[in-house]
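Structure assessment
Listed below are the residues making up each chain.
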Amino acid sequence: QVQLVESGGGSVQPGGSLRLSCAASERIFSIFDMGWHRQAPGKQRELVAAITTAGSTNYLDSVKGRFTISRDNAKNTVYLQMNSLKPEDTAVYYCNAELFTPKRIKLRDYWGQGTQVTVSS
């Protein structure tokens, strides 16, 4: 069982920055694809950014150029640097770890407890 613990959420004014961290309990963290999702009140959860074991990344269109996902396998941690934050970025942000076979069959799927990000003036 992989445990994911997010940190770094909080309140910030529009245009500000936050850096989210997600620490994994698993020593074999490097074999998991990692992602950040968010869910705003009354809305469905959406994928914000993802990074594969090889370091390939993809982003939600609305955050491209503002958010950056990265991972440090030595620290079992994935990060989400969020710049130029907007009120519409307000949501609970969740860390996600997925384990796939070489043929992209999902074997495991883990979630953190979430961290609140509020962007307001």
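This model, assessed by the stated rule, comprises 7 salt bridges. Here Glu-98 and Lys-106 are joined by a salt bridge, their closest N and O atoms 2.6 Å apart. Classification of Glu-98 as buried rests on a relative accessible area of 18%. What makes Lys-106 partly exposed here is its relative accessible area of 41%.

Now for the nonpolar core. Membership of the largest hydrophobic core comes to 30 residues, with the highest contact counts inside it found for Leu-4, Met-34, Trp-36, Val-78, Leu-80, Met-82 and Tyr-93. Element by element, the count of residues in this core is highest for strand S9 (residues 91-100), at 5 residues.

For Glu-6, the location among the structural elements is in strand S1 (residues 4-7). Buried and unpaired, Glu-6 has no salt bridge, with Arg-45 as the nearest side chain of opposite charge at 7.7 Å. Only 2.7 Å separates the side chain of Glu-6 from the backbone nitrogen of Cys-95, close enough to count as a polar contact. Among the polar contacts made by the side chain of Glu-6, one reaches the main-chain amide nitrogen of Gln-113 at a distance of 3.0 Å. Those residues in contact with Glu-6 that sit more than four places away from it in its chain are Ser-21, Cys-22, Trp-36, Tyr-93, Tyr-94, Cys-95, Gly-112, Gln-113, Gly-114 and Thr-115.

With that settled, consider the packing of aromatic side chains. To describe a pair of aromatic rings, one takes the distance between the centres and the angle between the planes. Across all of its chains, the model carries 1 aromatic pair by this definition. Between the NZ or CZ atom of Arg-19 and the centre of the ring of Tyr-79, over which it lies, the distance is 4.0 Å. If you follow Arg-45 out to its NZ or CZ, it ends over the ring of Trp-111, 4.8 Å from the centre.

Attention now moves to unusual backbone geometry. Despite not being glycine, Asn-76 has its phi angle at roughly 55°, a positive value. In this structure, Asn-76 sits in the loop between strand S7 (67-72) and strand S8 (77-82). At Arg-104, a residue that is not glycine, the phi angle is positive and equals roughly 65°. If you trace the backbone, Arg-104 turns up in the loop between S9 and strand S10 (106-111).

What counts, and at which threshold
- Residues numbered from 1 in each chain as written.
- Predicted model: local features only at pLDDT ≥ 70, side-chain atom pairs only at ≥ 80, totals over all residues.
- Heavy atoms only, no water.
- Salt bridge = Lys/Arg side-chain N within 4 Å of Asp/Glu carboxyl O.
- Buried < 20%, exposed > 50% of the residue type's maximum accessible area, 1.4 Å probe, protein only.
- Core = buried A, V, L, I, M, F, W, Y, C linked by side-chain atoms within 4.5 Å.
- Helix = DSSP H or I, 4+ residues; strand = E, 2+ residues; numbered from the N terminus.
- Lys, Arg positive; Asp, Glu negative; His and termini not counted.
- Polar contact = N/O pair within 3.5 Å; in protein donor to acceptor, adjacent residues only side chain to side chain.
- Contact = heavy atoms within 4.5 Å.
- Phe/Tyr/Trp six-rings, centres within 6.5 Å; stacked < 30°, edge-to-face > 60°.
- Lys NZ or Arg CZ within 6 Å of the ring centre and 35° of its normal.

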